[in-house]
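# Coordinate inspection notes
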Amino acid sequence: MTNSNLSPRIGFMQGRLCDLVDGRIQAFPWDDWQKEFPVARSLGVRLMEWTLDHDRLYENPIMNEEGRTAILSLCREHGLFIPSLTGDLFMQAPFYKAKGSEREQLVSDMQNVLEACRRIQCKFICIPLVDDGRLEDRAMEDGLVAEMKNVRPFLVEHGLGIVFESDYQPGELNRFIRRLDEACFGVNLDTGNSAAFGFKCREELALYTDRILNVHIKDRLPDFGTTVPLGAGVAEIGETIRGLEEAGYTGNYILQTARAEDGDHAGAVARYGAMVQDWLG
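Residues numbered from 1 in each chain as written. Predicted model: local features only at pLDDT ≥ 70, side-chain atom pairs only at ≥ 80, totals over all residues. Heavy atoms only, no water.

As for its placement among the helices and strands, S194 is situated in helix α7 (residues 191-197). Distance from S194 to E236, taken between C-alpha atoms, is 8.8 Å for residues 42 residues apart in sequence. Look past the residues within four positions of S194 in its chain and what remains in contact with it is L189, F199 and E204. Side chain to side chain, S194 and E204 meet in a polar contact 2.7 Å long. (Helix = DSSP H or I, 4+ residues; strand = E, 2+ residues; numbered from the N terminus. Contact = heavy atoms within 4.5 Å. Polar contact = N/O pair within 3.5 Å; in protein donor to acceptor, adjacent residues only side chain to side chain.)

Spelled out as structure tokens, the structure:
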């Protein structure tokens, strides 16, 4: 099943190579996380984007020394890299919406996540500003920007970056991202979310291609519809990839795709990876 022609820039979202957790399309696979490494190797996939939930945060392997040692050992054994992490915890418990001691604790959690990523050489941390994590007004945005400026020295010192996924209209996202240092803050472009929100890739690419540092590949139905198999929705995936490549994008394409209804999750990732490879040309 190995696809030796697959670009080393194509990866998968952790959990996509094993069964769903409690019926959720995305969650940390507590029982199967170690099993995904050899499966990824068998598919010729070299990149995994880690997932981190707020629930049981410090039990997640990436958040403790023993777990990080196991992660790095598995990476070496199976030739895998973890260049990015999706911080669903920031959407589930947004520090920029909390106050007082709760905010202090959540900011401390964020700092610990950044340190954990540094320890395993995971470069990009995605903060999803969508759903429960969406920015509701300018004051909330100002609070988020202030916290980002506080962690900027750590990011710069260790070569880390924070990328934002957002439901802002393209013009608003462009305005927001320009408030932050381009050396360590950028955009995580999600093709499925863009489709569901009705955004056009030409407009997005024209505004902030230079700030896109990571890409999630998925397809969705319009008007906030669900995630569907690649090609079954309205996402402009091929056009987006071609536009990014022509603009000189050198980052990764992470498969955050629909789950296999027949349970053949490895087969689905293999098919989707081949589709992205075709779009890459």
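Another aspect to go through is the packing of helix α5 (residues 138-158) against helix α6 (residues 170-177). Running from N to C, α5 and α6 point in directions that differ by 40°, and their axes come no closer than 12 Å. As α5 runs across α6, the sense of the crossing is right-handed. Along the contact surface, α5 presents R138, E141, L144 and V145, while α6 presents E172, R175 and F176. For the contact of α5 with α6, the per-class residue count stands at three nonpolar, no polar and four charged. (Axes fitted to C-alpha atoms, helices over the stretch in contact; angles between N-to-C directions. Left-handed = near helix turned anticlockwise from the far one by under 90°. Nonpolar A, V, L, I, M, F, W, Y, C, P; charged D, E, K, R; others polar.)

Looking now at the sheet that holds strand β2 (residues 47-51). Spatially, the eight strands close up into a barrel ordered β1-β2-β3-β4-β5-β6-β7-β10, and their pairing is parallel. Put simply, the sheet's adjacent strands are angled 30° from each other on average, direction ignored. Of the strand pairs in this sheet, β2 and strand β3 (residues 81-86) are connected by four bridges, and their pairing is parallel. Looking at β3, one finds that E49 is bridged to S84. Seen against the sheet, helix α10 (residues 265-280) touches β1 (10-13), β7 (212-217) and β10 (253-255) and runs at an angle of roughly 155° to β10. (Pairing = 2+ DSSP bridges.)

An ideal rise of 1.5 Å per residue puts 30 Å on 21 residues; α5 measures up with 30 Å between its terminal C-alpha atoms. In the structure, α5 departs most strongly from a straight axis at V151, where the bend amounts to approximately 45° and where the proline P153 lies between one and four residues downstream. What α5 keeps buried is the set M140, E141, G143, L144, V145, E147, M148, V151 and L155. Each element contacted by the buried residues of α5 is listed here: α4 (100-119), β4 (124-129), β5 (161-166), α6 and β6 (185-190). Its side-chain oxygen placed 3.3 Å from the backbone nitrogen of A139, D137 serves as the N-cap of α5. A positive backbone phi angle near 65° is found at G159, which sits one or two residues after α5. (Expected span 1.5 Å × (residues − 1). Bend = angle between axes of the 7 residues up to and from the residue. Buried < 20%, exposed > 50% of the residue type's maximum accessible area, 1.4 Å probe, protein only.)

Centre distance and the angle of the planes are the two values used to describe a pair of aromatic rings. Applying the stated criterion to the full structure yields twelve aromatic pairs. Ring geometry for Y168 against F176: centres 6.1 Å apart, planes inclined by 75°, an arrangement best described as edge-to-face. Neither Y168 nor F176 differs from the other in exposure class; each is buried. Ring pairing ties together the aromatic residues F28, W30, W33, F37 and W50, which thus form one cluster. One cation-aromatic arrangement involves R56 over W30; the distance from NZ or CZ to the ring centre is 3.8 Å. (Phe/Tyr/Trp six-rings, centres within 6.5 Å; stacked < 30°, edge-to-face > 60°. Lys NZ or Arg CZ within 6 Å of the ring centre and 35° of its normal.)

Further remarks concern the nonpolar core. Among the nonpolar cores identified, the biggest contains 81 residues, and W50, F95, M148, F164 and F176 are the most heavily contacted of them. The element contributing the most residues to this core is α4, with seven residues. (Core = buried A, V, L, I, M, F, W, Y, C linked by side-chain atoms within 4.5 Å.)

What follows covers the pattern of salt bridges. Oppositely charged side chains may form a pair once their charged atoms are brought near each other. Throughout the structure, instances matching the rule amount to 18 salt bridges. For R119, the salt bridge goes to E65, with nearest N and O atoms at 2.7 Å. Of this pair, R119 sits in helix α4 while E65 sits in helix α2 (residues 65-78), and the two are 54 residues apart along the sequence. For R119, a relative accessible area of 37% gives the class partly exposed. Exposure remark for E65: the relative accessible area of 45% places this residue in the partly exposed category. Here D142 ties to R179 by a salt bridge, and the two come within 2.9 Å at their closest N and O atoms. (Salt bridge = Lys/Arg side-chain N within 4 Å of Asp/Glu carboxyl O.)

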